[in-house]
Amino acid sequence: MMELNLKTLTVHAAADLLASGELTSVELCQAYLDRIEDVDSEVKAFLKVDREKILAAATASDKRRASGEELSCYDGIPVGIKDCIVAADETCSCASKLLEPVVSPYDSTVVSRFKAKGFIPAGRLNMDEFAMGSSCENSAFQKTFNPWNLECVPGGSSGGSAACVAAGEMPISLGSDTGGSIRQPAAFCGVVGLKPTYGRVSRYGLVAFASSLDQIGPMSHDVLDAAIVLDTIGGGDENDSTSLPMPCEGFAEAVKAVKGQDLQGVRVGLPKEYFEAEGLSDSVKSGVEKAVATLKQLGAEIVEVSLPHTKYAVAVYYIIATAEASANLARFDGIRYGARKEADDLVATYFKSRGAGFGEEVKRRILLGTYVLSSGYYDAYYLRAQKVRTLIRRDFEQASEKCDIILTPVTPTPAFKLGEKSDPLQMYLSDIFTIALNLSGNCGISVPADICAETGMPVGVQFIAPALQEEKLLKIARIFELNREIKEFAPEL
Ligand code: GLN
């Protein structure tokens with residue numbers, strides 16, 4: 001079999017190898033399984049991998065291909081799935097003890113759309129419990145380590161999804177992004193992470209954290225793969241009334257047509273508030289500056305824009321997200337789902353099951369959310385936060401009159417060390433550049449841009465486009481990717 005460099009192998013490259021007959025799906029999947037065997041004892045991205053099942057699906061794919069039947073060019077390519085997105089007959093624990101015994105009887109829409117194109121859902125990926133966190137340290141089962149430096153966190157909550165792609169254990173994966181959980185770990189691990197416009201991708205089968213903010217999206221080695229995944233999983237779905245009933249395809253074609261051309265006439269907005277933020281590190285600042293220089297060289301016009309309500313975004317997010325989480329997580333009571341701790345009566349059973357099942361951060365969020373929704377505080381916190389949310393959305397609308405795309409840092413610092421952010425508030429502040437666009441609904445993508453000279457850790461930049469303008473977002477991100485100074489991002493591991 002040919003030598004594969006899994007740390008950089010993209011879906012589109014793998015599809016070409018499968019089409020030319022140079023590679024079979026069994027060989028491809030076996031290579032990933034071997035890589036998992038080699039490195040996952042150190043990275044710990046996976047909660048579960050079912051080797052037999054993956055190889056059986058790969059064998060079936062090879063048969064389909066050999067029979068000459070018409071199939072998608074991606075048939076036989078594996079994809080890692082975050083453990084809060086259900087797949088039939090697979091566990092879905094959300095990295096929580098409470099849901100540890102749960103096996104899903106059905107496929108989420110995203111998983112069934114992957115399967116329809118022949119992709120092989122392969123493995124359940126570690127995350128912060130119920131997607132609450134920024135470092136993967138809140139998983140009830142294991143910590144995941146950053147493939148670039150095993151002393152550092154991979155980011156969160158989709159830390160397993162980012163780490164497995166960076167480490168070459170999967171070509172692509174799915175994450176979910178409520179306040180930055182795709183883009184932040186992507187930046188920490190040197191991979192691409194896309195948060196689509198709210199409603200682009202069905203949430204059916206995604207365990208809800210904050211329903212008005214959650215979006216599923218891809219983590220990948222390059223922007224073209226992100227476009228391929230969006231084409232695959234996006235589009236309206238009658239099982240999710242918040243999904244947008246419009247087609248979501250043609251992105252891969254649009255991105256493929258990009259051949260490193262210039263950015264003449266494109267106005268790139270730099271929001272001044274993002275660069276005045278406290279705690280912005282020199283390495284991230286310099287990564288963004290280099291990206292700005294690249295974009296300028298390509299002919300883009302750099303303009304300053306203002307997003308004046310940025311300073312409220314973290315506070316607003318932690319009111320709205322916790323309020324929604326407290327309602328969404330009420331169903332996990334040990335009766336309907338998951339691990340039950342028997343007690344004398346029903347109420348005691350609820351208390352015991354939820355008390356033992358939820359971790360500390362999840363309980364903190366439920367308490368906060370219940371508080372801001374309680375009578376007497378509803379107007380002061382929740383209602384006011386909703387009003388500020390509207391102002392944050394308006395900021396983006398006004399900025400989009402002055403520019404075509406916005407460029408920002410993804411995180412204040414590159415990946416930090418495990419245990420470094422033990423104070424929850426400090427952890428919350430690491431989302432400062434990502435959460436505003438969950439509140440506004442815009443789409444955004446994190447693209448690797450630089451490697452910090454002192455620490456050797458990757459630095460990402462974030463492009464932000466107005467709602468439903470993924471095509472423009474992906475094309476500009478692709479032009480940047482093809483022209484940035486560092487061509488390939490791969491850890492030594
Ligand atoms: N880190 C943020 C939080 O803890 C965002 C999480 C997410 O996007 N799922 O809520």
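1. Brief notes about the state of the cysteines
Inspection of the entire model under this criterion finds zero disulfides. Cys 248 supplies the cysteine sulfur nearest to Cys 443, a cysteine that is in no disulfide, at a spacing of 10 Å. For Cys 443, a relative accessible area of 0% puts it in the buried group.

2. Regarding the side chain of Ser 108
Note that Ser 108 resides in the loop between β2 (78-82) and α4 (109-116). Of the residues examined, Ser 108 reaches a relative accessible area of 0% and is grouped as buried. Polar side-chain contacts of Ser 108 include one of 2.7 Å to the backbone oxygen of Val 86. Those residues within four positions of Ser 108 in sequence are excluded, and the remaining contacts are Ile 85, Val 86, Tyr 204 and Gly 205.

3. A look at the site of the ligand
Surrounding the ligand, one finds 15 residues, the nearest of these being Thr 178, Gly 179, Ser 181, Tyr 317 and Arg 365. Measuring from an oxygen atom of the ligand, one finds a backbone N or O atom of Gly 180 at 3.3 Å. In this structure, Tyr 318 approaches the ligand through a side-chain N or O atom, which is 3.4 Å from an oxygen atom. When isolated, the ligand has an accessible area of 290 Å², and the protein chains bury 100% of it. Looking at side-chain class alone, the shell around the ligand contains five nonpolar, seven polar and three charged residues.

4. A closer look at the sheet that holds strand β3 (residues 120-125)
Pairing is mixed across the open sheet formed by eleven strands, whose spatial order is β1-β3-β2-β4-β6-β5-β10-β11-β9-β7-β8. At either end of the open sheet lies a strand with only one pairing partner, and these are β1 (46-48) and β8 (301-305). When strand polarity is set aside, the average angle formed by the axes of neighbouring strands in this sheet is 35°. Here four bridges tie strand β9 (residues 405-409) to strand β11 (residues 458-465), and the two strands are oriented antiparallel to one another. Following the sheet pairing, Leu 407 is matched in β11 by Phe 463. Along the sheet, helix α2 (residues 25-43) makes contact with β1, β2 and β3, crossing β2 at roughly 45°. The sheet strands contacting helix α7 (residues 223-233) are β4 (172-177), β5 (192-195), β6 (215-220) and β10 (443-451), and the helix crosses β6 at an angle near 145°.

How each quantity is defined
- Residues numbered from 1 in each chain as written.
- Predicted model: local features only at pLDDT ≥ 70, side-chain atom pairs only at ≥ 80, totals over all residues.
- Heavy atoms only, no water.
- Disulfide = S-S within 2.5 Å.
- Buried < 20%, exposed > 50% of the residue type's maximum accessible area, 1.4 Å probe, protein only.
- Helix = DSSP H or I, 4+ residues; strand = E, 2+ residues; numbered from the N terminus.
- Polar contact = N/O pair within 3.5 Å; in protein donor to acceptor, adjacent residues only side chain to side chain.
- Contact = heavy atoms within 4.5 Å.
- Near = heavy atom within 4 Å.
- Areas by Shrake-Rupley, 256 points an atom, 1.4 Å probe, with all protein chains shown as cover.
- Nonpolar A, V, L, I, M, F, W, Y, C, P; charged D, E, K, R; others polar.
- Pairing = 2+ DSSP bridges.
- Axes fitted to C-alpha atoms, helices over the stretch in contact; angles between N-to-C directions.

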